Amino acid sequence: MRVLELYCGIGGCAAALEGAADVVLAVDTSRRALAVYARNFAHPAAARSLEGMPASEFQRLAADLWWMSPPCQPYTSRGLRRDLDDPRAASFLVLLERLAEVRPPYLALENVPAFADSRACARLLDVLARCGYEARTLLLCPSELGMANLRQRFYLVAGLGPLLPWPALPGGARLRIADFLDPRPSPSLWLAPDIARRYEHALDRVDPADPLARTSCFTASYGRAIVRSGSYLITPRGLRRFSPDEILRLLGFPSWYTLPPDLSHDHAWPLLGNSLSVPAVRHVLAAILALAAPGPPGLLPLT
Ligand SMILES: C[S@@+](CC[C@H](N)C(=O)[O-])C[C@H]1O[C@@H](n2cnc3c(N)ncnc32)[C@H](O)[C@@H]1O
């Protein structure tokens, strides 16, 4: 299967597809994200704005599946929920036109849960229905797949042919936060004691000794915003942030996937906060591709 990875970021979808499909092109405007992408994948990744890609180019690529993770800010309260009036939704509207023109056999999309009630989603469902697609949607959190990370997202799969049933969610076994931690965390991750004290009641703190603890969703503002951007780890020396490598593992990226050693934490956190849960994407894409089942969690690749 030939896959087009639109809004590819650091390649969460390509990581989920590992070995099961060929990504023929990945596209994103962020050169920083693409530098991480190119370090991990050999296939082409282009620094392009999707608005500028004509239908003829999509036709020439002849992809069986278009994967897209469009910017979520138009649908979040932090992004003011301007929906289709937000300039960051402009490329999505252009893609809907391309979709109707090119009609790829399959399409899949990931976004924040609020996307489900947006005009953007209604417009997408309308285009899919008019073009003869069968479409199915799902709200899924990686914690339902046994991961120690909360990141509920809206997913849509659509096909001109029939879709496969989604696999049953694995019950029982789950990974613990302690399974994802760096052996020698950087001292720079610890919060200054006065900050920890000032925000004591507003920080989401997780105890690695608690086998049921799960981190909250890491957002693109982790490291910049103190509250509501992700969890802090309780340690004997005080509270610390999770390192980019720890978040990469919590997101379920495979062990061969690496961040550039010279990428600062401040630059890595936004890229990871924008990315996605790899096991959740594998689960969703099982409606389209014969992918190995995502669970049980103990078998997920970990470093
Ligand atoms: C939600 S993130 C997707 C991240 C990706 N799924 C990953 O695994 O890292 C949205 C991405 O869309 C990119 N983007 C925003 N507007 C774009 C446009 N007009 N054309 C191409 N990429 C765009 C951003 O740079 C960002 O990387």
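Residues numbered from 1 in each chain as written. Predicted model: local features only at pLDDT ≥ 70, side-chain atom pairs only at ≥ 80, totals over all residues. Heavy atoms only, no water.

**Some remarks on the sheet that holds strand S9 (residues 232-235)**
So, point 1. Taken in spatial order, the three strands line up as S8-S9-S10 in an open sheet, and their pairing is mixed. Two strands in the sheet have a free side with no partner beyond their single neighbour: strand S8 (205-206) and strand S10 (238-241).
So, point 2. As judged from the four bridges shared by S9 and S10, these two strands associate in the antiparallel manner. Pairing of Thr235 across the sheet is with Gly238, part of S10. (Pairing = 2+ DSSP bridges. Helix = DSSP H or I, 4+ residues; strand = E, 2+ residues; numbered from the N terminus.)

**Observations regarding the environment of Ile10**
So, point 1. By the secondary structure assignment, Ile10 is in the loop between strand S1 (2-6) and helix H1 (12-17).
So, point 2. Take Ile10: its relative accessible area is 3%, and that puts it in the buried class.
So, point 3. For the pair Ile10 and Arg119, spaced 109 residues apart in the sequence, the C-alpha separation amounts to 27 Å. (Buried < 20%, exposed > 50% of the residue type's maximum accessible area, 1.4 Å probe, protein only.)

**Quick look at the site of the ligand**
So, point 1. Neighbouring the ligand are 19 residues; Ile10, Gly12, Asp28, Glu51 and Ser275 lie closest to it.
So, point 2. Measuring from a nitrogen atom of the ligand, one finds a side-chain N or O atom of Ser69 at 3.1 Å. (Near = heavy atom within 4 Å. Polar contact = N/O pair within 3.5 Å; in protein donor to acceptor, adjacent residues only side chain to side chain.)

**A few points about the pattern of salt bridges**
So, point 1. Applying the stated criterion to the full structure yields 10 salt bridges.
So, point 2. Between Arg88 and Asp86 there is a salt bridge whose closest N-O contact spans 2.9 Å.
So, point 3. The class for Arg88 is partly exposed, based on a relative accessible area of 40%.
So, point 4. With its nearest N and O atoms 3.0 Å apart, the salt bridge here joins Asp179 to Arg176.
So, point 5. The exposure class of Asp179 is partly exposed, given its relative accessible area of 26%.
So, point 6. One connected set of salt bridges, linked through shared partners, spans Arg48, Glu57 and Arg60. (Salt bridge = Lys/Arg side-chain N within 4 Å of Asp/Glu carboxyl O.)

**Considering the sheet that holds strand S3 (residues 45-47)**
Two orientations exist for strands paired in a sheet by backbone hydrogen bonds: parallel and antiparallel.
So, point 1. Pairing is mixed across the open sheet formed by seven strands, whose spatial order is S3-S2-S1-S4-S5-S7-S6. Strands with a single pairing partner mark the edges of an open sheet, and in this sheet they are S3 and strand S6 (134-140). Ignoring which end each strand starts from, the neighbouring axes of this sheet average 15° apart.
So, point 2. Bridge count for S1 against strand S4 (residues 65-68) is four bridges, and the pairing is parallel. Considered in S4, the bridge of Leu4 is made with Trp66.
So, point 3. Against the sheet, helix H4 (residues 90-102) contacts S1, S4 and strand S5 (106-111), and its axis sits at roughly 170° relative to S4. (Axes fitted to C-alpha atoms, helices over the stretch in contact; angles between N-to-C directions. Contact = heavy atoms within 4.5 Å.)

**Remarks on the nonpolar core**
So, point 1. Counting 60 residues, the largest nonpolar core has Ile10, Phe242, Leu285 and Ile288 as the members making the most contacts within it.
So, point 2. Each of domain 1 (2-167 + 276-299) and domain 2 (177-270) contributes no fewer than three residues to this core.
So, point 3. By size, the runner-up hydrophobic cluster in this structure holds 37 residues, among which are Leu61, Trp66, Phe92 and Leu107. (Core = buried A, V, L, I, M, F, W, Y, C linked by side-chain atoms within 4.5 Å. Domains from an automatic or database assignment.)

**Description of the domain arrangement of the protein chain**
So, point 1. For the protein chain, the assigned domains read domain 1 (2-167 + 276-299) and domain 2 (177-270).
So, point 2. Centre-to-centre, using C-alpha coordinates, domain 1 lies 26 Å away from domain 2.
So, point 3. In this assembly, 22 residues from domain 1 lie in contact with 28 residues from domain 2.
So, point 4. Buried area between domain 1 and domain 2, summed over both chains or domains, comes out near 2,100 Å², and the portion from carbon and sulfur atoms is 57%. (Buried area = accessible area lost by both parts, 1.4 Å probe.)

**Some remarks on the pairing of S9**
So, point 1. As judged from the two bridges shared by S8 and S9, these two strands associate in the parallel manner. Of the residues in S9, the one forming a bridge with Arg205 is Tyr232.
So, point 2. Hairpin connection between S9 and S10: a loop of two residues separates the two successive antiparallel strands.

**Here we look at the packing of aromatic side chains**
So, point 1. One pass over the structure, following the stated rule, counts 13 aromatic pairs.
So, point 2. Taking the centre distance of 5.9 Å and the plane angle of 85° together, the rings of Phe92 and Phe115 count as edge-to-face. Taken as a pair, Phe92 in helix H4 and Phe115 in the loop between S5 and helix H5 (119-130) lie far apart in primary sequence, 23 residues in all.
So, point 3. Judged by centre distance (4.9 Å) and plane angle (75°), the rings of Phe218 and Tyr222 are edge-to-face. Here Phe218 matches Tyr222 in class, with each residue buried.
So, point 4. One aromatic cluster in this structure is built from Tyr37, Phe41, Phe253, Trp256 and Tyr257.
So, point 5. Over the ring of Trp190 we find Arg237, and its NZ or CZ is 3.9 Å from the ring centre.
So, point 6. Sitting over the ring of Trp190, Arg240 keeps its end group 5.6 Å from the ring centre. (Phe/Tyr/Trp six-rings, centres within 6.5 Å; stacked < 30°, edge-to-face > 60°. Lys NZ or Arg CZ within 6 Å of the ring centre and 35° of its normal.)

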